[in-house]
Each structure stands twice: as structure tokens, then as C-alpha cells.
Amino acid sequence: MFDRIFRIFLVLLPWSVLGTVFFGSKLGIPGVSFFKEIFLVLLLGLLVWDFWKQKILPKLDILDYLVASYIGYLVIITLVNGLGLASLVYGGRYDFEFLIAFLIAKHGSSLLAGSVSQYLKIFLLSASLALFAGLLVRFVFHETILIHFGFSPNLSNWSFGGTPPIYHGIDGARVKRFQGIFDGPNPAAYFLLVYTGLLFHYFRTKKAYHFLIGLWTIVLLGLVFLTYSRSALIGIVIGCLALVVFSLGTIWRRYKKESLFVVLFLVVLSGLFYLRYEGTIDRIILRSGSSQGHFDRAMTGLQRFAEHPMGQWLGTAGPAYRYVVKLSENPIYGGEIKKTEDYSIPESWYIQQLVEWGVIGFVLFVAIMGTIAWILFPLSPTFFASFVAVLTMNLFLHSFESVYISLILFLILGLFVGKRKK
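Predicted model, so just to flag it, every value in this text is computed and none were measured.

Calculation rules
Residues numbered from 1 in each chain as written. Predicted model: local features only at pLDDT ≥ 70, side-chain atom pairs only at ≥ 80, totals over all residues. Heavy atoms only, no water. Phe/Tyr/Trp six-rings, centres within 6.5 Å; stacked < 30°, edge-to-face > 60°. Helix = DSSP H or I, 4+ residues; strand = E, 2+ residues; numbered from the N terminus. Buried < 20%, exposed > 50% of the residue type's maximum accessible area, 1.4 Å probe, protein only. Axes fitted to C-alpha atoms, helices over the stretch in contact; angles between N-to-C directions. Parallel < 35°, antiparallel > 145°, perpendicular 65-115°, else oblique. Left-handed = near helix turned anticlockwise from the far one by under 90°. Contact = heavy atoms within 4.5 Å. Nonpolar A, V, L, I, M, F, W, Y, C, P; charged D, E, K, R; others polar. Core = buried A, V, L, I, M, F, W, Y, C linked by side-chain atoms within 4.5 Å. Salt bridge = Lys/Arg side-chain N within 4 Å of Asp/Glu carboxyl O.

Some details on the packing of aromatic side chains
Any pair of aromatic rings gets described here by the distance separating the centres and the angle formed by the planes. Inspection of every chain in the model, using the stated rule, returns 29 aromatic pairs. Between Phe-246 and Phe-377 the ring centres are 5.1 Å apart and the planes differ by 50°, which places this aromatic pair in the tilted class. Residue Phe-246 is located in helix α10 (residues 230–246), and its partner Phe-377 is located in helix α17 (residues 349–379); the two are separated by 131 residues in the primary sequence. For Phe-246, a relative accessible area of 45% corresponds to the partly exposed category. Among the residues examined, Phe-377 registers a relative accessible area of 17% and is labelled buried.

What follows is the structure, encoded as C-alpha cells:
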């Protein structure tokens, strides 16, 4: 049963936004967005039952202690400071739900009968269909079709508690940022990074498919570019550099020609990009107004950390604050809501950790991510690169707030770590 639910969960997660918006907003079914938590509770319950039935205790390692310390610290300090159930529930949903998923997959790996590749195949099939649906939305039916599924027609605008717009644009550039069936261009880029790393890992030994995977990779890179997510592009660069640095010996011995081809391809691609967007590159990439907004919010977050170096607890910063702080009755972004947003969203997951948890929580979080990355590299260098790219994205965004993608990422990370050879 654990195995079956895990497989179904992997199939459903790439369709989370489309399903939630359609069944929740369009059909009016309440609580649909919490289907992810229902699946996690079922998996956790079955795992605990198995341990109890066999009368054994889980074998713990450094990652278990780090994650338990992090979650325990967050929960205890929040309760001690009396911030209420809303802070704990919504703050936990964003801050550590994905880490609970990681532990469930890690310790439940013995209940998963298949190999890692079998579960990757299940996810990649579902995710590929979701991306294909996104391509149809973008290039065949166009984004207005999403209105029939419950998405908002208010372009580039989002509202508290509302549905995502059919697409986002860039002021003065006349472009539509790709988001497919996801809830925004940055989450779409986040999803593409995770998907690509797993795709490369799955097909790494299947040489008969390498040409087709190469063509599909060009499409995926094009989609990442069409999201115009600067953090994702920076993440790709840092992730690839990390992969090269850790694999330098192997690359030099075995892949000299391939490396030269990749470098030439990137040079040509960069040249074509410059020729295509020469007149608007400042509005598309630099975006001085947007960059200044991100910088100002980050500075506000660092100032809040300086004032409270031991933290201000769950829900005081980041996306969870929207469910904790009483906001204006006007749900449209602007006015007092904008001021509250500028104060509470530091535009960086790491600064958010500093604001909420201070030095202790920040150090624990970085230790968890670093340990996972260290264990992951020998298991899958390509997935390691995509993980580093995602961690880089979070320097500039709250990417982990996309709960459905973070659950995909950490369930599969838990699967890799749990099934690794001792």
C-alpha cells in the first residue's frame, strides 16, 4: 500500500496546480489544495504502522538528527512564543513539510519494491505529459484556454487567495513568460530544473536515446529561457560549474570532445540570444526596476535579522505570513498590501531563514542542504547539478514555496538517499 500510494503521488504532483485550480476554484470543491498533505499523512501512517508491526526502530543518521533538530527548533520556539496554530500550520507547510516528505521517502525506501529508476520512470512520464500540455497551452491553444480551467484573466497580477493568472509579462518588453500549466514562470523554471536533472540521470546509460534526449534538452533549455527567470539561468550556470568542478578529472579523461562541443554550442546560443534581444536585453534580463525591488526587500530582511538575530518564528516572513497577518480587505496587490509584502517577503529563502529562525535555524538549514548535496553527488552527478541550481534559485527567490515541486524534489532525494548502497 505504501508503494502504491507513493507511485500515485508521483503521478499526481506535476498536475497539482491545474487540478487544484480546476477542482477548487472552477468546481468549488473545498480543501482540494490539501490533497498533498493527505497523501503525506497516509504515507507517514503506513510507515509508522510498519515499524510498529515489526517492532523495530528506524536507523538514524546525521541527516535525521539535523532535520529533527531543525523541525523541533521551529515548532518549539513557535509554541513557546505563542504565535498560534496558524503560524505553525502554514509556516510548517512552507518551511519544513518538504523535509518531512524527505524523511518519509528515506525511511520508507525499504517498503518501495522497485528500483530508483522505476520510480523516476513513473515521475518522468507524468511530468513529460504535463510539460507537453504546457507546450500546447503556450503554442497551440494559447494561454486564454486556462481561463476555462479556473485561472485568472488578470494578466501578470495575482491576488491573495486568488487563482494564478494565465501568464505573466515583462513591462516594456512585450513578452509572455512561459509557465505552462504551473502557477507562474519561476515555478515553471524550478520544475524544469528538477525534471532535467532526473531526465539526464534516467537516460545516462541508455545510449540509444541520447540523440533524442539531446533534442529534447534543447527544447527544455528554450522553455527555461522563455520563463525569463533570471534566478533559474544563474542556477543553471552555478549548477553546471559545480558539476564540472566535482567531475573535472572524469571530464578530462573521458569527455574532452563532448566538452568542446558543449562550449561551442553555448557560445553560438549566446550569440543568437544577443542578436535576437539586442535592443531589449536591459528590459528582459537586467530589469532595473524589478532588480531594485528584490534588492530593497532583501535589505529589509537583513535589517529585520539584525534587529532580532535569534529570529521571529514561523510565519513572520516568507509566503506563510499571508495566512498569519491580517491583510486588507482589498485582495489586489498594491497600497497597504504592497507595503506589507515588501516588509515580509525578503526575496530569498535564506534571508527568510535568518528572519524567522536567526542564526541557529539558518545554520541547521544550510547543514541539511549541504549534507544532502554531499551524499547526492556520487549517486547522481546530474541530479546533484540540478539540486545546486535550485539552491541557487533560492538565493533570489522563495522557490521552495512551490510546495508541489518541493515535494517532488525531496521525495526523490529521499528515495536516492534511502536506497543508496551502504
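Moving on from the coordinates now.
Here we look at the packing of helix α7 (residues 116–139) against helix α8 (residues 185–202)
Helix-helix packing is described using two parameters, namely the angle between the two axes and the distance between the axes. Axis separation between α7 and α8 bottoms out at 10 Å; the angle between their running directions is 135°. Comparing the axis directions of α7 and α8 gives the class oblique. Here α7 runs over α8; the crossing is left-handed. In this structure, α7 uses Ser-117, Leu-120, Lys-121, Phe-123, Leu-124, Ala-127, Ser-128 and Leu-131 to contact α8, whose residues at the interface are Phe-191, Leu-192, Tyr-195, Leu-198, Leu-199, His-201 and Tyr-202. Of the residues belonging to the contact of α7 with α8, the class tally is 11 nonpolar, 3 polar and 1 charged.

A short note on the nonpolar core
Core analysis: the biggest nonpolar cluster contains 113 residues, and Tyr-70, Leu-99, Met-369, Phe-387, Phe-400, Leu-409 and Phe-410 have the highest contact counts within it. Take this core: its biggest share by element is 13 residues, from helix α19 (residues 403–418). With residues up to four places along the chain from it excluded, the contact list for Tyr-70 reads Asp-95, Phe-96, Leu-99, Gln-353, Trp-357, Gly-361, Leu-364, Phe-365 and Ile-368.

Points about the packing of helix α1 (residues 2–12) against helix α3 (residues 35–54)
Running from amino to carboxyl end, α1 crosses α3 at an angle of 160°, the nearest separation of the two axes being 10 Å. Looking at the two axes, α1 sits roughly antiparallel to α3. Like other packed secondary-structure pairs, α1 and α3 cross with a definite hand, here left-handed. Across the interface between the two elements, Phe-2, Ile-5, Phe-6, Ile-8, Phe-9 and Leu-12 from α1 touch Phe-35, Lys-36, Phe-39, Leu-40, Leu-42, Leu-43, Leu-46 and Leu-47 from α3. Considered class by class, the residues forming the contact of α1 with α3 number 13 nonpolar, no polar and 1 charged.

Digging into the pattern of salt bridges
All told, the structure shown has 9 salt bridges when counted by the stated rule. The shortest N-O distance in the salt bridge between Asp-61 and Lys-106 comes to 3.1 Å. Remark: Lys-106 occurs in helix α6 (residues 97–108) and Asp-61 occurs in the loop between α3 and α4 (62–80); sequence separation between them is 45 residues. The class of Asp-61 is partly exposed, set by a relative accessible area of 22%. Residue Asp-64 pairs with Lys-106 through a salt bridge whose shortest N-O separation is 2.9 Å. Of this pair, Asp-64 sits in helix α4 while Lys-106 sits in helix α6, placing them 42 residues apart in sequence. With relative accessibility at 6%, the residue Asp-64 sits in the buried group. Look at Lys-106 and you get buried, because its relative accessible area is 7%. One continuous salt-bridge network, built from bridges that share partners, spans Asp-61, Asp-64, Lys-106 and Arg-420.

Some thoughts on unusual backbone geometry
With the exception of glycine, the majority of residues adopt a negative phi angle, and the majority of peptide bonds are in the trans configuration. One non-glycine residue, Tyr-228, lies in the positive phi region at around 55°. Here Glu-347, not a glycine, exhibits a phi torsion of approximately 60°, which is positive. You can see Glu-347 is positioned in the loop between α16 (335–344) and α17. Look at Glu-347 and you get buried, because its relative accessible area is 13%.

Without other data, these values stay purely geometric and don't point to any function.
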